[in-house]
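Coordinate inspection notes
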Amino acid sequence: MKSLGRRPGVAAAPDVDENHWIEIDGLHKIYRPRKSEPTHALSDIELNVRRGEFISVVGPSGCGKTTLLKILAGLIPKSEGTVRVAGRDVHGPLPEVGMVFQAATLLPWRTILQNVMVPVEVQRLDRSVYRERAAALLHMVGLDGFAEKYPDELSGGMQQRAGICRALVHDPAVLLMDEPFGALDAMTREYMNVELLRIWRESGKTVVLVTHSIPEAVFLSDRVVVLTPRPGRIAEVIDIDLERPRDLSVMASDRAGVHVERIRTHFNAHGVID
Amino acid sequence: MTTTKETQDDDAVGAGRDAPHAGTPAAGALKAPAARRRRDLRDHPEWVLVPGVFVLVVLAWEYLVPALGVDEYVLPRPTRIVDALGTQLTDALFWTHMKVTLLESVYGFAVGVAAALVLGTAISQIRLVEKTLMPYIVAFQTVPKVALAPLFVVWFGFGMTSKVVMAAVISFFPMLVNVVEGLRSADADRVQMLTVFGASKFDVFRRVRLPSALPFIFAGLDIGIVFAILGAVVGEFIGAKEGLGYLLLQTNYNFDIAGMFAVLVVLSVLGLIAHFIIRQARKRFAFWAEDNTVIGA
């Protein structure tokens, strides 16, 4: 899809190693609240993500997986270490990043199309150019005909799809997803997983997904990063060697079962089931 | 912020949400079969009950006043009030009085609202301004503003200025409270969403905080306009040569109680019209919000 190609005029730094599209090295995060003891949220995280890779981060509640994502998004500062996205150090929100949130977080006073255009507006990009791209994205997620509707006229799944379009409209180098389907019912969630794989394939984005669901992580990812309980360290990075393209039937396969079990073992070892 | 397209869609949304209100009564009567009209009435008993209570009270008033031997000079019957209203409305002088009160209210309202918008924005966005001014605002809010009217008449004279000031001061506070609360009401997730996409503080203000504040702002306007009329009338009580408040006092001195009621009816209608205009504006500009965000003051 040509209109979903690279963003005009914004090229990634030329010397970026595609195997280090996201580079996290020696990352620590320590929260130091003024009136209580400091909390070690993330400890010595080291992770390289290839360009175009789909990575999931799983771990028990409070293991710092959302913290990790927020550091990547430039929303909260790291305490120590290196964090680079597409060759740029992360010190604040980067235009190279698109994010999908737990709730769709659409603005109720804007139409779906106007919501999708939010990143274009705040980054002062050429609206006329990106309006086409936004329309193409809405088409890709099956929301044509809803561009002029308001969020409260759409179901939860449709709102989240609009949220994905918004995260992709400025053609970011990386797509961060913070439990994007947690609020959806099981059926819609499965459907959205299949949709997400298709969107990922068509857009070719690098995705980092934080999720509670082990099967979801296995189904979607190239690699699954398992974090330990606080302070969050990387317990294991598991290669998911299931063939692509995948459909839901792949989850019935033995190999998928082995991966799910292996991740679950980590959770059980720490005595927490999430 | 609101494009024409948005507004058009808004109308469509509104029509979908409360279809029974959408058509004019005439259009509804033409289209709807009798069965549907009956269903409408069952769903909305208030459509009958509200006018019913009005008719009942007016009838009781009309016939109980003579039956109980109440002096007509003290409590005139509704028909007498309607007569008095007719006399007033055909008097050119009356329209001058009304115009004066209207202008005082609208000018005062505009000044009060503008001041509340500026100050409310500063208080909600700049900590230092909040810390410095809040104690004074709280202290001043406890002063019964109506009690200031004599002072304003001394300072600003018997003309319109003193009433405009009164209307402005009295409509300022409910507006201020709503502006501050409204600008603080923005959903943290929405602010974070905009921040991730690279929005500046001003972008966040313009695209999230301000729209989030709109329902509150309209609640403030709704209270404020009624307060502005109140302020103008009270100012006219204290010292004026024209205006509906002045007229109210004149009819009072002349013991023309029916005439007083007529003026009260006109004042009520003015308040209702103002309230209606603001409600319509709210429907158009804050169409996404439920109709329950009201902060009194």
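Residues numbered from 1 in each chain as written. Chains lettered and ligands numbered in written order. Predicted model: local features only at pLDDT ≥ 70, side-chain atom pairs only at ≥ 80, totals over all residues. Heavy atoms only, no water.

With that settled, consider a nonpolar patch on the surface. Residues and elements named next belong to chain B. Together, Val265, Val269, Ile273, Phe276 and Ile277 give the surface a local cluster of nonpolar side chains, amounting to about 440 Å² of exposed area. Structurally, the position occupied by Ile277 is in helix H14 (residues 257–285). The exposed category is assigned to Ile277, whose relative accessible area is 52%. (Patch = residues over 30% accessible without salt bridge, like charges linked within 9 Å, V, L, I, M, F, W, Y side chains within 5 Å. Areas by Shrake-Rupley, 256 points an atom, 1.4 Å probe, with all protein chains shown as cover. Salt bridge = Lys/Arg side-chain N within 4 Å of Asp/Glu carboxyl O. Helix = DSSP H or I, 4+ residues; strand = E, 2+ residues; numbered from the N terminus. Buried < 20%, exposed > 50% of the residue type's maximum accessible area, 1.4 Å probe, protein only.)

The next thing to look at is unusual backbone geometry. Generally, phi is negative for residues other than glycine and the peptide bonds are trans, each holding for most cases. Residue and element names in this part refer to chain A. Omega for the bond connecting Arg230 with Pro231 falls within 30 degrees of zero, at -5 degrees, which places this linkage in the cis form. Among the structural elements, Pro231 can be located in the loop between strand S9 (223–227) and strand S10 (234–239). For the peptide bond that leads from Arg244 to Pro245, omega is -5 degrees, which places it in the cis range. In this structure, Pro245 sits in the loop between S10 and helix H8 (254–269). Positive phi values are uncommon outside glycine, yet Asp44 reaches one of about 50 degrees. Counting through the fold element by element, Asp44 comes out in strand S2 (residues 39–49).

All names here are of chain B. Every buried residue belonging to helix H9 (residues 149–156) is among Ala149, Phe152 and Val153, and all of these are buried. End-on view of H9: buried residues confined to an arc of 100 degrees, all on one side of the axis. When the buried face of H9 is taken as reference, the exposed residues oriented beyond 90 degrees from it are Val154 and Trp155. On its buried face, H9 sits against helix H10 (160–184) and helix H12 (201–238). Once H9 finishes, Gly157 follows within two positions and takes phi at roughly 85 degrees, a positive value. (Arc of directions from axis to C-beta. Contact = heavy atoms within 4.5 Å.)

We now examine the UniProt feature "domain: ABC transporter" (unreviewed entry) in chain A. Under the UniProt annotation, "domain: ABC transporter" (unreviewed entry) lies at residues 22–254 of chain A. In residues 22–254 of chain A, the share of helix is 30% and the share of strand is 25%. The end C-alpha atoms are 31 Å apart. (UniProt positions renumbered as here; feature names shortened; annotations may be inferred.)

Residue and element names in this part refer to chain A. Strand order in the open sheet formed by six strands is S6-S7-S8-S3-S9-S10, with mixed pairing between adjacent strands. Looking at the sheet topology across the chains shown, the edges are occupied by strand S6 (97–100) and S10. Strand-to-strand twist across the sheet, computed as the mean angle between neighbouring axes with direction ignored, equals 15 degrees. (Pairing = 2+ DSSP bridges. Axes fitted to C-alpha atoms, helices over the stretch in contact; angles between N-to-C directions.)

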